[in-house]
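As a plain string of letters, each chain reads:
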Amino acid sequence: MSITAATVQLLSPEGQLVESDASAEYLPYIDALSDDQLREFYRQMVVVRRFDVEATNLQKQGELGLWVPSIGQEGAQVGSAFAARPQDHIFPSYREHAVARIRGVDLIGVIGLLRGTTHGGWNPADAGNFHLYTLVIGSHTLHATGRAMAMTLDGTTATGDPDTDAAVMTYFGDGSTSQGDVSEAFVFAASYKAPVVFFLQNNHWAISVPVSTQSRTPLYLRSGGFGIPGIQIDGNDVLASFAVTKRNLDEARGGDGPRLIEALTYRMGPHTTSDDPVKYRLGTEVAHWQTRDPISRYETWLRSRGEGDLFFSDVAEEAEDFAADIRRRTLSLGTPSIDKMFDFVYTEPHAPLAAQKQWLTEYDASFGSDA
Amino acid sequence: MTPNVQTMPMAKALNAGLRKALGDDPKVLLMGEDIGPLGGVFRITEGLQAEFGPNRVMDTPLAESGIIGTAIGLAMGGYRPVCEIQFDGFIFPGFDQITSQLAKMTNRHEGQVAMPIVIRVPYGGHIGAVEHHQESPEAYFAHTPGLRVVSPSTPHDAYWMIQEAIASDDPVMFFEPKSRYWPKGEVNLDSHDAPLHSSAVVREGTEITLVGHGAMMSVLLASAELAAEEGTSVEVIDLRSLSPIDYAPIVASVQKTGRLVVAAEAPGSFSVSSEIAATVTERAFYSLEAPVLRVSAFDAPFPPAKLETTYLPDADRVLEAVDRAMAY
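Note that the coordinates shown come from a computational prediction; the quantities given were computed from them, not determined experimentally.

> Where do I start with the pairing of strand β4 (residues 80–84) of chain B in this structure?
Within a regular strand, the side chains alternate between the two sheet faces. Residue and element names in this part refer to chain B. Among the five residues of β4, five are classified as buried, and the element is accordingly described as predominantly covered. Summarising the sheet, strand β2 (residues 28–32) and β4 pair through five bridges and their orientation is parallel. Following the sheet pairing, Val28 is matched in β4 by Arg80. In this sheet, strand β5 (residues 118–123) lies alongside β4 in parallel orientation, the contact comprising three bridges. In the sheet register, Glu84 faces β5, and the bridge partner there is Arg120. Regarding the hand of the β-α-β motif, the stretch spanning β4, helix α4 (residues 95–108) and β5 is right-handed.

See the structure below:
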């Protein structure tokens, strides 16, 4: 699935602003950004890509059980993440590392998931309302919808004040659009006019299955039958991702109901480090998307606006430092206490489980202190 | 002050319990299919939408996974959803959200997010229903860590247990024996009898213990009466809670009687009854005079209605097991 006249693109793969009706509509959102904000887009994309490389290396060195790279999808993620407001809630899938970082998640939490030290990694209430990763495909789109329904019931949305009105954004992929839960989320969101933006990253591959197996029509058209307006953007254009997401989130928080954004992007790496994309896709396809990279086109644009070498070398250095810090902290992530296995299954006392914990404690102690 | 005791069927007792919970806590929501103006297909929520409004008693789209999944999001937003699943056999479209999401949510958040969700499920046979409307799927949920599973057998228990379930910060599967919706019983509207997860000795005896839950309780009590007429003294225990199971009264009873028969409407293999048999064997081995016996449905799909009285355990099948146990 490729860019068409219907696709919103503000920055071309060559790094030039696009002149079109759509860009005329959305460029004011970009004009309103400060130079520092525009630099921040770049900084986050570069740092998270370097993080991805480091995590992949850690996996290859046996320090992580698995890694889930997001390389290639930084534009879609960084733009949309910066479009959200602090009061918004974000329900990710499991590849939204850039969104996580922008919302305030310490990415060592994501590392812990893949190192096998936690099933969570952060407290959403302390991490910009960025909820936990969900591994079962599409399940979280219903949680997002329910959370948005709660905002409607609370009256914390659609009061007319965009600075305080809340909305929900949920990230999911092209594969997950085939899951029943995503369709049910569309049904519930439309029925209750829930303030939720469905942000679909169409990265073209669900592990080894191409998007053409999931859908014969463009996915942004999928939601129309549910009564949810859909729009397609160039997902490797961080500016389009920001502007269109901002518009749609503001519409949702304003009481207009749910929205779907399909970001056309590409998973440049494997699905996970256990995957072997050479078995199912052509190098020419990957090479084509290499020319559409979100970071290089944005760097070209920033340089054309006068950004100098010093900024880019500073960001590169920051990315190296971040990667080194992640590596150091990864290696210090040890085995969690058995408390974590038993203590949070229920919030209220549970006698049989407490007895099992007691048994394990005594069993371990029976081996003596040298065990 | 004289207690406020009224005679009503379980359906009305549940309605009264839900009304009280809605009135006591503005965060309590009811969600389900046809629960609004119709009052649910069993009329358990009758009148509640008129009283509390469509935002508190929500007719949902016809999608069980959607009901459970959005309830999870609502609970994250501070609400206490009470979901009605229309019939036992319709819970499976929501099974993934219950077992993979709801049951694990608090654990994944290391206790920082509670899931105060109740899922009400009318279950069991004896109503001459069509396929998928007579099943007893409670073992699937009792097997799942993170869930609590309960089932009242009387109007009074239904009244206080539904309120306790709603008050719990953990997810509770609330199985309602639909064949017992309409027989009347006394309900003390002022009393919360016991903790939610407590079994109860409902008939005292000395020679053999019968354990069950839900609609099976009326069969067990009738069996005990028949056994008494033949000179056997039977103790009967109502589990009320299937996860966790309150074993203390069961073990104490078996230590007294030396014999145990566990009965349920579900197929017997890998069942709640099997779990009880194993645990009692571990805890009261030297008290047992006979093997623990199970009386259950057969390991076949629930049959067409004309065969259900053959499929489901009745007093005769319970007494046959009592006779076998007494023969040791």
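> For this particular structure, what's the right way to read the side chain of Gln49(B)?
Positionally, Gln49(B) belongs in helix α2 (residues 48–52). Discounting chain neighbours no more than four positions away, the residues touching Gln49(B) are Gly36(B), Pro37(B), Pro54(B), Val57(B) and Asp59(B).

> So what exactly am I meant to see when it comes to the nonpolar core here?
Nonpolar side chains in soluble globular proteins tend to end up buried together. Phe198(A), Met115(B), Ile117(B), Ile119(B), Met173(B), Ile250(B) and Ile276(B) are the most contacted members of the largest nonpolar core, which totals 71 residues. Take this core: its biggest share by element is seven residues, from helix α3 (residues 64–76) of chain B. Contact partners of Ile117(B), with chain neighbours within four places excluded, come to Ala71(B), Ile72(B), Ala75(B), Pro81(B), Cys83(B), Leu102(B), Asp170(B), Pro171(B) and Val172(B). In terms of nonpolar packing, the next biggest core, distinct from the first, is built from 69 residues, Val46(A), Ala100(A), Ile261(A) and Ala263(A) among them.

> Would you mind showing me how to read helix α7 (residues 180–191) of chain A here?
What sets the pattern is the α-helix's 3.6 residues per turn: residues three or four places apart point alike. Between the first and last C-alpha of α7(A) there are 16 Å, a value that for twelve residues agrees with the 16 Å anticipated at 1.5 Å per step. Looking at the residues trailing α7(A), positive phi occurs at Lys193(A), about 50°.

> Is there a simple way to think about the domain arrangement of chain B in this case?
When the parts of a complex come together, some accessible area is lost, and that lost area is often taken as the interface size. Residues and elements named next belong to chain B. Examined at the domain level, chain B breaks down into domain 1 (8–188) and domain 2 (200–326). Summarising the inter-unit geometry, the C-alpha centres of domain 1 and domain 2 are found 26 Å apart. Each partner contributes to the interface: domain 1 provides 25 residues, whereas domain 2 provides 21 residues. Interface area, domain 1 with domain 2, both sides summed: about 1,800 Å², of which 54% is carbon and sulfur. For domain 1, the biggest contributors to the area lost against domain 2 are His126, Gln134 and Ser153; these three give 26% of the whole. Counting across the interface, domain 1 meets domain 2 through one salt bridge. When the shortest N-O distance is used, the salt bridge between Arg240 and Asp157 registers 3.3 Å.

> What is the right way to read the pattern of salt bridges from this model?
Close approach of charged atoms allows side chains with opposite charge to pair. For the structure on display, the rule yields 42 salt bridges over all chains. Residue Lys357(A) pairs with Asp343(A) through a salt bridge whose shortest N-O separation is 2.8 Å. In this pair, Lys357(A) sits in helix α14 (residues 351–365) while Asp343(A) sits in the loop between α13 (339–342) and α14, placing the two residues 14 residues apart along the sequence. Given the relative accessible area of 34%, Asp343(A) is considered partly exposed. Linking Glu225(B) and Arg203(B) is a salt bridge whose minimum nitrogen-to-oxygen distance equals 2.8 Å.

> I would appreciate a short explanation of the environment of Val278(A) in the present structure.
With respect to the helices and strands, Val278(A) occurs in the loop between β7 (259–264) and α10 (283–290). Here the alpha-carbon distance between Val278(A) and Ser208(A), two residues 70 residues apart in the chain, equals 9.7 Å.

> Quick question: what am I supposed to make of the domain arrangement of chain A here?
Taken domain by domain, chain A holds domain 1 (21–331) and domain 2 (337–371). Its C-alpha centre places domain 1 of chain A at a distance of 39 Å from the equivalent point of domain 2 of chain A.

> Honestly, the sheet that holds β5(B) in this entry has me stumped. Any pointers?
Remark on secondary structure: sheet strands pair via backbone hydrogen bonds, oriented parallel or antiparallel. Residues and elements named next belong to chain B. Across the sheet, which stays open at both edges, the seven strands sit in the order β3-β2-β4-β5-β7-β6-β12 with mixed pairing between neighbours. Each edge of the sheet is formed by a strand with only one pairing partner; in this case those strands are β3 (57–59) and β12 (241–243). Strand after strand, the sheet turns through a mean of 20° between neighbouring axes, direction not considered. Two elements, strand β6 (residues 148–150) and strand β7 (residues 172–177), share three bridges in a ladder whose sense is parallel. Counterpart to Arg148 in the pairing with β7 is Val172. The strands touched by helix α6 (residues 155–167) are β2, β4, β5, β6 and β7; relative to β7, the strand with the most contacts, the crossing angle is about 160°.

About the cut-offs
- Residues numbered from 1 in each chain as written.
- Chains lettered and ligands numbered in written order.
- Predicted model: local features only at pLDDT ≥ 70, side-chain atom pairs only at ≥ 80, totals over all residues.
- Heavy atoms only, no water.
- Buried < 20%, exposed > 50% of the residue type's maximum accessible area, 1.4 Å probe, protein only.
- Helix = DSSP H or I, 4+ residues; strand = E, 2+ residues; numbered from the N terminus.
- Pairing = 2+ DSSP bridges.
- Right-handed = clockwise from strand over helix to strand, strands pointing away.
- Contact = heavy atoms within 4.5 Å.
- Core = buried A, V, L, I, M, F, W, Y, C linked by side-chain atoms within 4.5 Å.
- Expected span 1.5 Å × (residues − 1).
- Domains from an automatic or database assignment.
- Buried area = accessible area lost by both parts, 1.4 Å probe.
- Salt bridge = Lys/Arg side-chain N within 4 Å of Asp/Glu carboxyl O.
- Axes fitted to C-alpha atoms, helices over the stretch in contact; angles between N-to-C directions.

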